Amino acid sequence: MTTREEGFRALFDPKGVIIAGASTHPGKFGFVSLHNLLASGYRGAVFATNREGADVLGVRSVASIDELPDGQADLVFVCTPAAANPDLLRACAAKGVKAAFVTSAGYGEAGDEGRRAEADLVALADELGLLLAGPNGQGVVSTPSLLCAQIVAPFPPAGHIGVASQSGNFVSSFLNYAVQTGVGISRAVSAGNAAAVTVPDYLSWYAADPETSVGLAYVEGVADGRAFFDAVRAVAEDMPLVLVKGGATAGGQRAAASHTGSLASDDRVFDGMCRQAGVTRAATVEEAFEAAATFATQPLPAGPRVVVMTTAGGWGVVTADAITKSSLVLADLPRDLHDAIDELLPPRWSRSNPVDLAGGETRDTIPQVLELIAGHPDVDAVIQLGLGIQSNQAEMMRSGPFYPDHGLERIVAYHERQDARFAAAAAEVSERTGKPILVATELAVAAPDNPGPAAVRASGRLCYPSANRAVVALEHLWRRAQHRQRRGLPLR
Amino acid sequence: MPEPPRTGSRTLSEPDSKALLSAHGVPIAPERVVAGVDDAVAAATELGFPVVVKLAGDAIAHKTERGLVRLGVADESAARIAATELLAAATPEDGEVALLVAPMLRGQRELIAGLADDPQFGTTVMVGVGGVLAEAVADVSLRLVPISRIDAEEMIDDLATQALLGPFRGEPAIDRDALADVLLALSTAAEADPTIVSADLNPLIVVDGRPIAVDALVEVER
């Protein structure tokens, strides 16, 4: 009998995978999943079944599971019609398979008959000792095993965010953000109908998984609220957990005999439940990814005091506004820090927080000022603005009609070197001081190849597309830090 | 506007609601429950004017909406008129009724606190900005029962209208520990008595910085 742990291990780190229902038609799930599995470099054994025993993408398929060797595959990826699945699962279990990811539709989402078929499938999987993922799910991704067993793209870069979603499409969304930002994924799974394994079940496994340091989940309905609460609270105690919930406005204010009851809408209860559990609740999918990416790549702040460092005034003003509206604090610039910065800058600098360098920087000023700010005991976090503007100009020079003459080659190279250096300094100083330093510029999306944002990505961190989004992410970190400080839990 | 209790539950009278909750530590304004007009006048005189006179009964859930609350009753003759009118306003559906006489508490800030049963998450405890605008303003925060003191403190921190909790128009800041005590008492009541479906402390008047319930409504399983 397979233990549940063996089942999860087979799902995320299989030694061999069977694609059941492999197809020669490139539009079918049975083709796409095999394609994605092979294209992502999975190193374990790959088998396929196909009624005609056809070759699919160079894999010699068999007509029946019985023809496969014993004990070579522990995961079956099921693309066959629902009616074929009971016999398939029995045959797979006999060959040593420990987990099944079922993409097939026609289950709980398909009326009474489907619900019965789903209950039967769950009972059968229990009887066979198979971990049953899905049905009606899009697949599973696991970067440590180079596993991309899913019917959709992409295969994300490796990292430490573990994704579980009640909607398969949001798995893709999160993975697409991972591709875009470079902040990678450890495991990702679409829970489908979650007939036997639910989103909290996956998250609980992630919490004990050394490859995963942050949980990220999309949920809609919650069947058993108390069990959900207990599970996510336990997960959030071990690692940051970011949730985004669909259907937040459904129901709205409800009919109740009490004022309290009519004020206790679904959404407010869910919100309170998250706060109580120490779970980070994000309002949108991109906010959820950015919060998770921040947890995965930045230390938690020990307090709310933020200093903004900017090379231009307006950005700093808007960022200060956003901080003031949040539960973060725009730090008063300590006198000794003021004096130390003053040594490095011409008199026109802002002399307050935001620290506006006002164009007074020379070759080494930015890393030096950043070092002073982050190193100060009365500063808990830094937001750095203005990265990449010189390289943006450099790009215009490089692509203009005068390059490389008139000294352009030299200045372009200098600016690009400098921006890359500033980005590297942000990560390096953050690591050394143990304080979050978030770099924000619209160039992260407007010109992702700009050496500034590119160097932020190379440092493994998120380059925030706006200061406002950096503030939102940082506030999520601070709220978790505060939750843990108040409860005497270590900052992580 | 709240609706009648769902089938399978019933509301307790105001005095019974208060007795149930105060047994778990919810601070309730002192009051007298009397049957007739003369007793009401005597109770008012003893408590000291001004007073509040209300009509209470198991079947009377929302008195304000029905005009069954007389505030700022200033003297004996006013008390007599109020008591007489309230008794006359009782309908046969109200069943057994009584008069409730309480000192008129002065406080410019009103909060709301209570318990509610969530279909997914079970019993929840709530605190919010109260008074007649409570549902329109909807500045509330909730947690699942049971809560810890830290949870209670964070619930208060989560309210958007923090300015209302600080010093306000000559009144001191709200005693957050005392307010947290109210929420913990509600949570304790819900844990101790699983028949409680919902509870309203509305309003919870802030007197000299301390919250005190002047009305309570508990809904229990039948």
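Residues numbered from 1 in each chain as written. Chains lettered and ligands numbered in written order. Predicted model: local features only at pLDDT ≥ 70, side-chain atom pairs only at ≥ 80, totals over all residues. Heavy atoms only, no water.

A few words now on the overall build of chain B. Within chain B one finds seven helices and eleven strands. Taken over the C-alpha trace, chain B has a radius of gyration of 17 Å; the compact-globule value for 222 residues is 17 Å, and the two agree within 12%. Overall, the C-alpha framework of chain B stretches about 50 × 45 × 30 Å when taken along its three principal axes. Burial analysis of chain B (222 residues in total) assigns 53% to the buried set. Contacts in chain B between residues at least 24 apart in sequence constitute 64% of all its contacts with a sequence separation of at least 6. For chain B, the accessible area works out to roughly 9300 Å², and carbon and sulfur atoms hold 54% of it. (Helix = DSSP H or I, 4+ residues; strand = E, 2+ residues; numbered from the N terminus. Rg over C-alpha atoms; globule rule 2.2 N^0.38 Å. Buried < 20%, exposed > 50% of the residue type's maximum accessible area, 1.4 Å probe, protein only. Contact = heavy atoms within 4.5 Å. Areas by Shrake-Rupley, 256 points an atom, 1.4 Å probe, with all protein chains shown as cover.)

Our focus in this paragraph is the packing of aromatic side chains. All names here are of chain A. Applying the stated rule across the entire model yields eleven aromatic pairs over all chains. Note on Trp205 and Tyr206: the rings are 6.5 Å apart at their centroids and 65 degrees apart in plane angle, and the pair reads as edge-to-face. For the pair formed by Trp205 and Tyr206, the shared burial category is buried. Every member of this aromatic cluster is reached through a ring pair, and the members are Phe8, Phe12, Tyr202, Trp205 and Tyr206. In this structure, Lys245 packs its charged tip against the face of Phe270, placed 5.2 Å from the ring centre. (Phe/Tyr/Trp six-rings, centres within 6.5 Å; stacked < 30°, edge-to-face > 60°. Lys NZ or Arg CZ within 6 Å of the ring centre and 35° of its normal.)

Take the domain arrangement of chain A next. Frequently, the measure chosen for interface size is the accessible area removed from exposure when the parts meet. Residue and element names in this part refer to chain A. By domain assignment, chain A separates into domain 1 (1–139), domain 2 (156–297) and domain 3 (299–486). The centre of domain 2, based on its C-alpha atoms, is set 30 Å off from the matching centre of domain 3. Listed by partner, the interface residues are 24 residues for domain 2 and 19 residues for domain 3. The interface formed by domain 2 and domain 3 contains one salt bridge. With its nearest N and O atoms 2.5 Å apart, the salt bridge here joins Arg469 to Glu290. In this structure, the connection of domain 2 to domain 3 is made through seven residue pairs in polar contact (both at pLDDT 80 or more). Counting only elements with at least two residues in the side of domain 2 that touches domain 3, the list comes to α5 (168–181), α7 (225–238), α9 (266–277), β14 (280–282) and α10 (285–297). (Domains from an automatic or database assignment. Salt bridge = Lys/Arg side-chain N within 4 Å of Asp/Glu carboxyl O. Polar contact = N/O pair within 3.5 Å; in protein donor to acceptor, adjacent residues only side chain to side chain.)

On the chain B side, the residues contacting the 30 residues of chain A number 41 residues. Both faces combined, the contact of chain A with chain B buries some 2800 Å², and carbon together with sulfur accounts for 54% of it. Arg486(A) serves as the salt-bridge partner of Glu154(B), at 2.9 Å between the closest nitrogen and oxygen. Our count for the chain A to chain B interface comes out at 14 residue pairs in polar contact (both at pLDDT 80 or more). Of all the elements, α9(A) adds the most residues to the side of chain A that touches chain B, at eight residues. (Buried area = accessible area lost by both parts, 1.4 Å probe.)

We now examine the domain arrangement of chain B. The assigned domain composition of chain B is domain 1 (32–103) and domain 2 (107–221). On a C-alpha basis, the centroid separation for the pair domain 1 of chain B and domain 2 of chain B is 26 Å.

What follows is about the sheet that holds β14(A). All names here are of chain A. Taken together, the seven strands give an open sheet; going across it, the order is β9-β8-β11-β10-β12-β13-β14, and neighbouring strands pair in mixed fashion. Edge strands, defined here as strands with exactly one partner in the open sheet, are β9 (147–150) and β14. Each strand of the sheet is rotated relative to its neighbour by a mean of 20 degrees, with strand direction disregarded. Here strand β8 (residues 139–142) pairs with β9 via four bridges, running antiparallel. Opposite Val140, over in β9, you have Ala149 as the bridge partner. (Pairing = 2+ DSSP bridges. Axes fitted to C-alpha atoms, helices over the stretch in contact; angles between N-to-C directions.)

Turning our attention to the side chain of Ser61(A). All names here are of chain A. With respect to the helices and strands, Ser61 occurs in the loop between β4 (59–60) and β5 (75–78). Only 2.4 Å separates the side chain of Ser61 from the backbone oxygen of Ala54, close enough to count as a polar contact. Residue contacts for Ser61: discarding those within four places in its chain leaves Ala48, Thr49, Asn50, Gly53 and Ala54.

Our focus in this paragraph is the nonpolar core. Residues and elements named next belong to chain A. If you look at the biggest cluster of nonpolar residues, it comprises 64 residues, and the most contacted ones within it are Leu11, Phe12, Tyr202, Tyr206, Phe228, Phe270 and Met273. Element by element, the count of residues in this core is highest for helix α6 (residues 199–207), at six residues. Contact partners of Tyr206, with chain neighbours within four places excluded, come to Phe12, Gly162, Val163, Ala164, Arg187, Ala188, Val189, Thr212 and Met239. Formed by 45 residues, the second largest nonpolar core is a distinct cluster that contains Phe174, Ile185, Val214 and Ile383. (Core = buried A, V, L, I, M, F, W, Y, C linked by side-chain atoms within 4.5 Å.)

So, about the environment of Asp13(A). Residues and elements named next belong to chain A. If you trace the backbone, Asp13 turns up in the loop between α1 (4–12) and β1 (16–20). Distance in space between the C-alpha atoms of Asp13 and Ala358 is 52 Å, their sequence separation being 345 residues. Of the polar contacts made by the side chain of Asp13, one reaches the side chain of Arg9; its length is 2.6 Å. Polar side-chain contacts of Asp13 include one of 2.9 Å to the side chain of Arg187.

Attention now moves to the sheet that holds strand β2 (residues 45–49) of chain A. All names here are of chain A. One open sheet holds the five strands; their spatial order is β2-β1-β5-β6-β7, and the pairing between them is parallel. Both edges of this open sheet fall to β2 and β7 (131–133), since each of them pairs with a single strand only. Strand after strand, the sheet turns through a mean of 15 degrees between neighbouring axes, direction not considered.

Turning next to the pattern of salt bridges. Counting across every chain of the model gives 38 salt bridges over all chains. Between Arg4(A) and Asp201(A) there is a salt bridge whose closest N-O contact spans 3.2 Å. A residue pair is termed long-range when its members are at least 10 positions apart, and Arg4(A) in helix α1 and Asp201(A) in helix α6 qualify at 197 residues. Note on Asp201(A): relative accessible area 24%, which makes it partly exposed. A salt bridge links Glu154(B) to Arg487(A), with the shortest nitrogen-to-oxygen separation between them at 2.8 Å. In this pair, Glu154(B) is assigned in helix α6 (residues 149–158) and Arg487(A) in the segment after α18 (467–486), connecting two distinct chains. Taking relative accessible area as the criterion, Glu154(B) reaches 1% and is therefore assigned buried. Within the structure, one salt-bridge network assembled from shared partners comprises Arg486(A), Arg487(A), Asp151(B), Glu154(B), Asp157(B) and Arg176(B).

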